[in-house]
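# Chains, contacts and geometry: an overview
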Amino acid sequence: MYVNTKEMLEKARREHYMVIGAGCWSLNSAATFIDVAAALNRPLILMLWEGAPEPLAEQERICEYVRHAAGKTPVPIAMHLDHAHDLDTIYSAIHAGFSSVMFDGSELPFAENAEITREVVKVARACGVTVEAELGHVGQPGDEPGQSALTVPEEAADFVRQTGVDSLAVSIGTVHGVYQGEPHLDLDRLKRIYELVEIPLVLHGGSGTGLDLLKETMQYGISKLNVMTDLVLAAMKAASPDNFLPELEICEAIAKSLEGYMLPLTRVL
Ligand SMILES: [Zn+2]
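About the cut-offs
Residues numbered from 1 in each chain as written. Predicted model: local features only at pLDDT ≥ 70, side-chain atom pairs only at ≥ 80, totals over all residues. Axes fitted to C-alpha atoms, helices over the stretch in contact; angles between N-to-C directions. Helix = DSSP H or I, 4+ residues; strand = E, 2+ residues; numbered from the N terminus. Left-handed = near helix turned anticlockwise from the far one by under 90°. Contact = placed C-beta atoms within 7 Å. Nonpolar A, V, L, I, M, F, W, Y, C, P; charged D, E, K, R; others polar. Buried ≥ 20, exposed ≤ 12 C-beta atoms within 10 Å, placed from the backbone. Arc of directions from axis to C-beta. Pairing = 2+ DSSP bridges. Right-handed = clockwise from strand over helix to strand, strands pointing away.

It is worth spelling out the packing of helix α5 (residues 110–126) against helix α6 (residues 153–163) at this point. Running from N to C, α5 and α6 point in directions that differ by 35°, and their axes come no closer than 9 Å. Between α5 and α6 lies a crossing of right-handed hand. Counted together, Phe110, Ala114, Thr117, Arg118 and Val121 of α5 and Glu155, Phe159, Gln162 and Thr163 of α6 form the full contact between these two elements. Here the residues of the contact of α5 with α6 sort into four nonpolar, three polar and two charged.

The next subject is helix α1 (residues 6–15). If you check which residues of α1 are buried, you get Met8, Leu9, Ala12 and Arg13. The buried side chains of α1 occupy one side of the element, clustering within an arc of 130° when seen end-on. Exposed residues lying more than 90 degrees from the buried face of α1 are Arg14 and Glu15. Of the surrounding secondary structure, the elements contacted by the buried residues of α1 are β1 (19–23), β3 (77–84), β6 (167–170) and β8 (222–227). A positive phi of about 55° marks histidine 16, the residue just after α1.

What follows deals with the pairing of strand β4 (residues 100–103). Going residue by residue along β4, you find Ser100 and Met102 tucked away on one face and Val101 and Phe103 tucked away on the opposite face as well. Two elements, β3 and β4, share three bridges in a ladder whose sense is parallel. By the bridge assignment for β4, histidine 80 is matched with serine 100. In this view, the connection linking β3 to its parallel neighbour β4 by way of helix α4 (residues 87–96) has right-handed handedness.

Set out below in structure tokens:
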């Protein structure tokens, strides 16, 4: 069933589990992830990020396939545009049939981030598309100090009130990519955000965080977990130069990697 993320994430927040936002990069990866969700009877959000894979025609092709494949299973599947920085990209994704978009204004001043998010929400809502925004900034490993900024709980509440956004990505210590050293999450901060903000919260940089920590965050409103690095690492490992046709091994490896997150973190429908 092809859906937006509204009901699936609100249900996940209420019942304290997470829907996995799986970063995909090809028709094959999208097909593999849908098969996993259907086999495990769990909801799934497929994600493409702004600019990749280029060109837009390929994004449209993946989106068209996902809508078709999602229609063949009773499991709710959404197609989400991750980390879009400009309105044109968001509008063309909505036009291409994405059911969910993220406007990432996390590096903008609060007022500007809120203003553009509000604009995106207005357009998206009219098209039945859900919107994720980010407040605070989830950085990359090796960032200069100050490039990542943790979410301020009171600001998050204000932001949600001002924008009407459907879900909010928060920065509590995860990073995109591969961690350097042990992950440390600020759970007290998350708890405070959860008390003040009533919409589903999103955790970016799920890869490498560890299931124990992730299970704690879902007690405090984290309802969507973005995972991509681990899926890509699994694909790279399976793409051995010794394999004549590595495609099947890759599909098997990324399915197993996604299962590793979905089985313990996402509830059966
Ligand atoms: Zn992200």
